[in-house]
There are 2 protein chains.
Amino acid sequence: MAGYLYVVGIGPGAYEKMTIEAARVLEECDVITGYTVYVDLIKDHFKEKEFFTTPMRQEVERCRTALEEAAKGRRVAMVCSGDPGVYGMAGLILELSPQYPEVKIQVISGVTAACGGGAALGAPLIHDFAVISLSDLLTPMEVIEKRVQAAAEGDFVLCIYNPASKKRAGYLKRACEIVLKYRSPQTVCGTVKNIGRQGEEMAVMSLEALKDIQADMFTTVFIGNSSTKKIGEYMVTPRGYRHG
Amino acid sequence: MAGYLYVVGIGPGAYEKMTIEAARVLEECDVITGYTVYVDLIKDHFKEKEFFTTPMRQEVERCRTALEEAAKGRRVAMVCSGDPGVYGMAGLILELSPQYPEVKIQVISGVTAACGGGAALGAPLIHDFAVISLSDLLTPMEVIEKRVQAAAEGDFVLCIYNPASKKRAGYLKRACEIVLKYRSPQTVCGTVKNIGRQGEEMAVMSLEALKDIQADMFTTVFIGNSSTKKIGEYMVTPRGYRHG
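All values derive from a computational prediction rather than experimental measurement.

Each value, and the rule that gives it
Throughout this description, residue numbers start from 1 for each chain and increase along the sequence as written. Written order decides the labels, with chains lettered from A and ligands numbered from 1. The model is predicted, so local features are restricted to residues of pLDDT at least 70 and side-chain atom pairs to those at 80 or more, both for listing and for counting; the totals for chains, interfaces and linings are taken over all residues. Excluding hydrogens and water, the side-chain figures rest on all heavy atoms present in the structure. The helix count covers DSSP runs of H or I at least four residues long, the strand count covers runs of E at least two residues long, and both are numbered beginning at the N terminus. Only protein chains enter the accessibility calculation, which uses a 1.4 Å probe; a residue whose area is less than 20% of its type maximum is buried, one above 50% is exposed, and one in between is partly exposed. Note on contacts: a residue pair is in contact if any heavy atoms of the two residues lie within 4.5 Å. Any two strands between which DSSP finds at least two bridges are classified as paired. Note on definitions: angles span 0 to 180 degrees between N-to-C directions of axes, and those axes are lines fitted to C-alpha atoms, for helices only across the stretch in contact. Here the copies were fitted onto each other by least squares, based on C-alpha atoms from residues at pLDDT of at least 70 in both. The labels follow the angle: roughly parallel below 35 degrees, roughly antiparallel above 145, roughly perpendicular from 65 to 115, and oblique for the rest. In this scheme the handedness of a crossing depends on how the near helix is turned from the far one: anticlockwise by less than a right angle means left-handed, clockwise means right-handed. As a working rule, the residues Ala, Val, Leu, Ile, Met, Phe, Trp, Tyr, Cys and Pro are called nonpolar, Asp, Glu, Lys and Arg charged, and the rest polar, with Gly in that last group. Defined here as a combined quantity, buried area equals the accessible surface (1.4 Å probe) lost by two parts on assembly, summed across both. Salt bridges are identified by distance alone: a Lys or Arg side-chain nitrogen within 4 Å of an Asp or Glu carboxyl oxygen. Whenever two N or O atoms come within 3.5 Å, that pair is a polar contact, provided that in protein one can donate a hydrogen and the other can accept it, and provided that, for residues adjacent in sequence, both atoms are side-chain atoms. Stacked, edge-to-face and tilted labels apply to pairs of Phe, Tyr and Trp rings (six-membered ring for Trp) whose centres lie within 6.5 Å, assigned for plane angles under 30 degrees, over 60, and everything in between, in that order. The criterion for a charge sitting over a ring is simple: Lys NZ or Arg CZ within 6 Å of the ring centre, and within 35 degrees of the ring normal. Exposure above 30% relative accessible area and the lack of any salt bridge qualify a residue for a patch; like charges then connect within 9 Å, and the nonpolar side chains Val, Leu, Ile, Met, Phe, Trp and Tyr within 5 Å. Residue-level accessible areas treat just the shown protein chains as cover; the underlying method is Shrake-Rupley with a 1.4 Å probe. In this analysis, the expected span of each helix is defined as 1.5 Å times one less than the number of residues it contains.

A.B. asks: Run through the side chain of Glu 95 of chain B, naming residues and quoting values.
C.D. replies: Assignment of secondary structure puts Glu 95 of chain B in helix H4 (residues 90-96). Note on Glu 95 of chain B: relative accessible area 11%, which makes it buried. Excluding anything up to four places from it in sequence, Glu 95 of chain B contacts Lys 229, Ile 231, Val 236, Pro 238, Arg 239 and His 243 of chain A.

A.B. asks: Any details on the sheet that holds strand S13 (residues 234-236) of chain B? Residues and values, ideally.
C.D. replies: Residues and elements named next belong to chain B. One open sheet holds the three strands; their spatial order is S6-S13-S12, and the pairing between them is mixed. In the strand order of this sheet, the two ends are held by strand S6 (122-123) and strand S12 (229-231), each with one partner. Both S12 and S13 contribute to a ladder of three bridges, which runs antiparallel. From the neighbouring strand, Lys 230 faces S13, where its bridge partner is Met 235.

A.B. asks: For the sheet that holds strand S4 (residues 75-80) of chain A, give the residues involved together with the corresponding values.
C.D. replies: Residue and element names in this part refer to chain A. A sheet is described by the order of its strands in space; here five strands give the open sequence S3-S2-S4-S1-S5, paired in parallel fashion. Strands at the two margins of the open sheet, each flanked by one partner only, are strand S3 (50-54) and strand S5 (103-108). Recorded for the sheet is a direction-independent mean angle of 20 degrees between the axes of neighbouring strands. Where strand S2 (residues 31-35) lies against S4, four bridges are found, and the strand directions are parallel. By the bridge assignment for S4, Thr 33 is matched with Met 78. Strand contacts of helix H3 (residues 59-71): strand S1 (3-9), S2, S3, S4 and S5, with the helix running at about 160 degrees to S4, the strand carrying the most contacts.

A.B. asks: Which residues make up unusual backbone geometry, and what values do they have?
C.D. replies: Most of the time, phi is negative for any residue but glycine, and the peptide bond is trans. The phi torsion at Asp 155 of chain A lies on the positive side, around 55 degrees, for a residue other than glycine. Relative to the elements of secondary structure, Asp 155 of chain A occurs in the loop between helix H6 (141-153) and strand S8 (157-161). Phi at Asn 162 of chain B takes a positive value of approximately 50 degrees, unusual for a residue other than glycine. For Asn 162 of chain B, the position within the fold is in the loop between strand S8 (157-161) and helix H7 (171-180).

A.B. asks: Outline the relation of the copies chain B and chain A, supporting the account with residue identities and numerical values.
C.D. replies: The pair of chain copies shares a relation made of a rotation about an axis and a shift along it. Laying chain B over chain A is done by rotating through 180 degrees and shifting 0.0 Å along the axis; what remains is an RMSD of 0.0 Å. Expressed as a symmetry operation, the mapping of one chain copy onto the other fits a two-fold axis.

A.B. asks: Summarise the environment of Arg 24 of chain B; cite the residues concerned and give the values.
C.D. replies: Turning to its location among the elements, Arg 24 of chain B is positioned in helix H1 (residues 20-28). Sequence spacing of Arg 24 of chain B and Thr 53 of chain B is 29 residues, and the spatial spacing of their C-alpha atoms is 20 Å.

A.B. asks: I'd like a description of the packing of helix H6 (residues 141-153) of chain B against H7 of chain B, backed by residues and values.
C.D. replies: All names here are of chain B. The interhelical angle for the contact between H6 and H7, taken along N-to-C directions, is 40 degrees, at an axis separation of 9 Å. As judged from the angle between their axes, H6 and H7 are oblique. Pair H6 / H7 crosses with right-handed handedness. Facing H6, whose interface residues are Met 141, Glu 145, Val 148, Gln 149 and Ala 152, H7 presents Tyr 171, Arg 174, Ala 175, Ile 178 and Val 179. Its residues assigned to classes, the contact of H6 with H7 shows seven nonpolar, one polar and two charged.

A.B. asks: Outline the interface of chain B and chain A, supporting the account with residue identities and numerical values.
C.D. replies: At the interface, 72 residues of chain B touch 72 residues of chain A. Buried surface at the junction of chain B and chain A, both sides included, amounts to about 6300 Å², of which 58% is carbon and sulfur. Of the charged contacts in the structure, one is a salt bridge between Arg 147 of chain B and Asp 155 of chain A, with a shortest N-O distance of 3.7 Å. Our count for the contact surface shared by chain B and chain A stands at 36 residue pairs in polar contact (both at pLDDT 80 or more). For the side of chain B that touches chain A, the element with the most residues is H4 of chain B, which contributes six residues.

A.B. asks: Describe in detail the packing of aromatic side chains, supporting the description with residues and values.
C.D. replies: For the structure shown, the criterion picks out eight aromatic pairs over all chains. A ring pair is formed by Tyr 35 of chain A and Tyr 38 of chain A, whose centres lie 5.0 Å apart and whose planes are at 90 degrees; its orientation type is edge-to-face. Between Tyr 87 of chain A and Tyr 161 of chain A the ring centres are 5.2 Å apart and the planes differ by 50 degrees, which places this aromatic pair in the tilted class. You can see Tyr 87 of chain A sitting in the loop between S4 and helix H4 (90-96) and its partner Tyr 161 of chain A sitting in strand S8, a full 74 residues away along the chain. The exposure class of Tyr 161 of chain A is buried, given its relative accessible area of 10%. Over the ring of Phe 156 of chain B we find Arg 147 of chain A, and its NZ or CZ is 5.9 Å from the ring centre.

A.B. asks: Tell me about a nonpolar patch on the surface, and please be specific about residues and values.
C.D. replies: Taken together, the side chains of Met 56, Met 217 and Phe 218 of chain A define a hydrophobic patch exposed on the protein surface, amounting to about 290 Å² of accessible area. Judged by relative accessible area, Met 217 of chain A falls into the partly exposed class, the value being 41%.

A.B. asks: Summarise the pattern of salt bridges; cite the residues concerned and give the values.
C.D. replies: Residue and element names in this part refer to chain B. Taken as a whole, this structure holds 32 salt bridges over all chains when the rule is applied. For the salt bridge of Arg 75 with Asp 30, the shortest nitrogen-to-oxygen distance reads 3.0 Å. One end of the pair, Arg 75, is in strand S4 (residues 75-80); the other, Asp 30, is in the loop between H1 and strand S2 (31-35), and 45 residues separate them in sequence. Overall, Asp 30 belongs to the partly exposed group, its relative accessible area being 27%. Its salt-bridge partner being Lys 173, residue Asp 212 comes within 2.8 Å of it at the nearest N-O pair.

A.B. asks: Go over H6 of chain A, please, and point to the residues and values.
C.D. replies: The end-to-end C-alpha separation of H6 of chain A is 18 Å, in line with the 18 Å expected for 13 residues at 1.5 Å each. Along H6 of chain A, the residues classified as buried are Ile 144, Arg 147, Val 148, Ala 150, Ala 151 and Ala 152 of chain A. In this structure, the buried side of H6 of chain A is in contact with strand S7 (129-133), S8 and helix H7 (171-180) of chain A together with H6 of chain B. Of the residues flanking the end of H6 of chain A, it is Asp 155 of chain A, one or two places downstream, whose phi is positive at about 55 degrees.

This is the structure:
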């Protein structure tokens, strides 16, 4: 009997911000797995389900457990915050999938923090943008710095995931310093904390000011391109439409 | 009386792929506006509504009409495909908004083609990526080429929107030629046509092969980074987890 593993993006966090498809899949599955924090975000809406949660940093084990559960012929949903294909578990699940040929896998996309956070700030990502994680747990710092530099040179809007954690306090400052070689200190930037959840907080500021803030792992950072503007309280990157 | 303008992302196209919030907002508004093709995608689900559609290329007029309707004190929803903040109307609406101070604006995010198309192909965007539109209607071609080159140099996965149209037949080829200066001809690439709609078609191929395909404006293109792999039929970019 074939089992099914759905890798489901729940979006920024609030139940309403997941897709209708994601809610249906979670409703129809036998068991919901995932990192404790994400499962807790949606648990109240799917009370009849069996839940299986794993703590942070045990990604390989988490994915294997989900695949093994599905291999028994069950319908398993693994939840990820945002989109499971953006720094999420869809990649690792598919890397492991050849070892579980009896499991059918489907990725159900969700609203990633770039889009959810962008909507909270206004419209920072209207034009070409680069998404970069500053976490060096799995990526060497020199690769990250090279990417920040390339994105700055290409005048991309930058959307930064994982800008800092307790161990990585100076990383956002370093990224800003790289971008400052190519862009004005007055470049319009924004931060969003707890996107689409209780305690959502936005701020729009200059690149110079961004350099000195203390971000945390629940914050997504946006660095505007050379045309990004502050309009009222909004951060907006024009696409180039002519209007009076 | 304050009016409301909701700029609503409907995701890739199928009703199920919009968020619960987007569906609620469309249900609660008085009038739904937007580009004819997008309004047609969702019209059947909101039969009682008043609809107002405008043809392609009349973006400024489309946004002004929506703002003027809202300024009358109505609740207006403007629908965009994907996410309204990624090459969508959220930017232009906010640029025009100071002229309509009585209108409250809210951007409701959706699943953009990068995420929806990524899920269809597997997990191409698991690591840092750049989103670039090849449309030169509003952006000079030299800026686009510079960005393609910067993204290639930075070893970003590239996600390309608007890879071609009747008038821009050779643009994807040109972009591939730029990337080929930095990456192997065997780099894993993918295309998705009609994401999440009837007639969805995926293909995984080499960068060398991608160079010679004829894409159209309904196609989203993914160019892998130096670690992207083909696993079974999937396109997967590893993040770097160690697994046996």
